[in-house]
Amino acid sequence: MTSEQLFYDKKTGFDRLTDEDKQGIQTYAEGYKKFLDESKTERDAVLEIARMAESKGFRAWTRDDTLRPGDKIYRINRHKGIMLAVIGNQSLAEGVRLTAAHLDAPRVDIRTVPLYEDNGMAFFKTHYYGGIKKYQWTAIPLELRGVVCVCENGEVKRVQVRVGDKPTDPKFVITDLLPHLATEQMTRKATEVIKGEGLNILIGSVPSETVDEKCSEKIKLAIMEHLNREYGMTEADFLSAELCCVPAFNACDIGFDRSFVGAYGHDDRVCSYPAATSLFDLTETPAHTGVCLLVDKEEIGSEGVSGMLSQAFEWFMGDMCRTQGVELADCFAHSFCLSADVTAAYDPNFADVYDKRNSAFVNYGVALCKYTGSGGKGGASDASAEVVGKVRKLMNDNGVFWQMAEMGKTDAGGGGTVAKFMAQRNIDTLDAGVPVLSMHAPYETVAKLDCYMTYKCMKTIFEQA
């Protein structure tokens, strides 16, 4: 055998693209960019995925409905997660083919008592969500999104808040210190250049014209008057609100050749979108039931009723199993899951933290990760050789460009995914996703080719696995 046959050598996808793939990449990227602009919070993403699902013939499912092969169903979990399924020809006792991804992304959350006035300006206090470099969130335009549960007349009314995404909308900003006065600031460690208590969002400066001799905070009053007019809010309603600020950037093409997409929230919507659309695009009833699980809270440990550790998934799957008289444990034991999450793309500007032999490269296709974690594989599920071998063959047989990858050098850091939580359910699981440049920054970058190949990978799992 020749060295070409004996050696493992990663290859760029551009050497192997068919005309069909070239067209598919561009078409797919346009749909993905529209999804990103609409889905900057997990609540927004759930609404958009549900809208897309219904346009593809899916229906909201209750446990009383019977299920037949070919049925397309979904269930929303507390506005922040969604579970979708296409019922297959085989019994659920033979397991399901599952993709699991998360819809949340790092951001800046508005605190429960946020509004204050200081020297002619009004601000919101914040608490950052997920792993961020805090200094990256200053001096960029921000949108305000979320919901407020307003208590009035003895009733609770949920009000949507969305300011900053339209061209005529105002934006918001976290201010930074000018370099002329930043001598001391520039000597701090990167983690302290901007401290958490310094992530205060500028929201106004014009005082109220209301005559109120008891009020010494006229700018704060003006802000509350505006919020009361627009949303019926009083200051106490912040206590029952979920508001956040996200970057006011629209997704766009990057590079002269338009080969990349730049946007906020690729982690992990760049995997959530193909996880859902690959299920939507099934043209025939699959052999095994296909399930897409999109959850919240991954960036802070997958806790809570809307995270991967929630029993909401068991509730959904258990209800499906009961329609066929199948034990949930039997279904899980024969299932397979792609834990669809991003990995770090090799960046030559920071080559010292990567192991080049084991890194993911842009335009080389979907990245399969046998294990994630940090240090001595801490927090990894570590897929078996048999699982990886099966997926390798499936990808090769179906024209999917793929690469094996790890996240950086062994002692450089690392990160986890939801894979271990699926493995805890006795489900064979393998990590797979898109390599990302500038992960967790307010503006991340991915290659269109990798995005499309991730979609093809997931569709192959639903159709062939």
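In what follows, the accompanying structure is described.

Procedures and definitions
- Residues numbered from 1 in each chain as written.
- Predicted model: local features only at pLDDT ≥ 70, side-chain atom pairs only at ≥ 80, totals over all residues.
- Heavy atoms only, no water.
- Salt bridge = Lys/Arg side-chain N within 4 Å of Asp/Glu carboxyl O.
- Buried < 20%, exposed > 50% of the residue type's maximum accessible area, 1.4 Å probe, protein only.
- Helix = DSSP H or I, 4+ residues; strand = E, 2+ residues; numbered from the N terminus.
- Expected span 1.5 Å × (residues − 1).
- Arc of directions from axis to C-beta.
- Contact = heavy atoms within 4.5 Å.
- Phe/Tyr/Trp six-rings, centres within 6.5 Å; stacked < 30°, edge-to-face > 60°.
- 1 Å grid on protein atoms, 1.4 Å probe; cavity = no way out; pocket = protein on both sides within 12 Å on 5 of 7 lines; lining within 4 Å.
- Points joined across faces, edges and corners; volume = space filled by probe spheres on them.
- Nonpolar A, V, L, I, M, F, W, Y, C, P; charged D, E, K, R; others polar.

**Structural notes on the pattern of salt bridges**
- This model, assessed by the stated rule, comprises 32 salt bridges.
- Between Arg258 and Asp253 there is a salt bridge, with the nearest N and O atoms lying 3.1 Å from each other.
- By relative accessible area, which is 19% here, Asp253 ends up buried.
- Among the ionic pairs, Lys370 bridges to Asp382, the shortest N-O distance being 2.8 Å. One end of the pair, Lys370, is in the loop between β17 (366–369) and β18 (373–374); the other, Asp382, is in the loop between β18 and α8 (385–397), and 12 residues separate them in sequence.
- With a relative accessible area of 29%, Lys370 lands in the partly exposed category.
- Asp382 gets classed as partly exposed once you look at its relative accessible area, which sits at 29%.
- Here the residues in one salt-bridge network are Glu30, Lys33, Asp253, Arg258 and Lys448, joined through shared partners.

**Considerations on α8**
- For α8, with 13 residues, the first-to-last C-alpha span of 18 Å sits near the 18 Å given by 1.5 Å per residue.
- Turning to α8, its buried residues number three or more, namely Val387, Val388, Val391, Leu394 and Met395. Angularly, the buried residues of α8 cover 125° about the axis, an arc narrow enough to put them on a single face. Among the exposed residues of α8, those oriented more than 90 degrees off its buried face are Ala385, Glu386, Lys393 and Asp397.
- Check the buried side of α8 and you find it contacts β15 (336–340), β17, β19 (402–404), β21 (428–433) and α10 (448–464).
- Looking one or two residues past α8, Gly399 carries a phi angle of roughly 70°, positive in sign.

**Some remarks on the packing of aromatic side chains**
- Taken as a whole and judged by the stated rule, the model has 16 aromatic pairs.
- Their ring planes at 55° and their centres at 5.3 Å tell us that Tyr28 and Tyr273 sit as a pair that is tilted. Here Tyr28, found in helix α2 (residues 19–38), pairs with Tyr273, found in helix α5 (residues 266–280); they are 245 residues apart in sequence, far enough to count as distant.
- Judged by its relative accessible area of 8%, Tyr273 is buried.

**Topic: helix α3 (residues 42–55)**
- Its 14 residues place the ends of α3 20 Å apart at the C-alpha level, agreeing with the 20 Å of an ideal helix rising 1.5 Å per residue.
- By the criterion of burial, α3 is predominantly enclosed, with 10 of the 14 residues buried.
- Every buried residue belonging to α3 is among Glu42, Arg43, Asp44, Ala45, Val46, Glu48, Ile49, Ala50, Met52 and Ala53, and all of these are buried.

**Quick word on the layout of surface pockets**
- When its volume is computed, the largest pocket comes out at roughly 940 Å³.
- As for the largest pocket, its lining consists of 30 residues, and the residues nearest its centre are Ala344, Tyr354, Met407, Met439 and His440.
- The class makeup of the residues in the lining of the largest pocket is 13 nonpolar, 11 polar and six charged.
- Approximately 580 Å³ is the volume found for the second largest pocket.
- Along the wall of the second largest pocket there are 20 residues; nearest its centre are Tyr8, Asp9, Lys11, Asn396 and Trp402.
- Within the residue set of the lining of the second largest pocket, elements represented by two or more residues are α1 (3–6), α8 and β19.
- In terms of residue count, the dominant contributor to the lining of the second largest pocket is α8 (four residues).
- In terms of residue class, the lining of the second largest pocket is made up of nine nonpolar, five polar and six charged.

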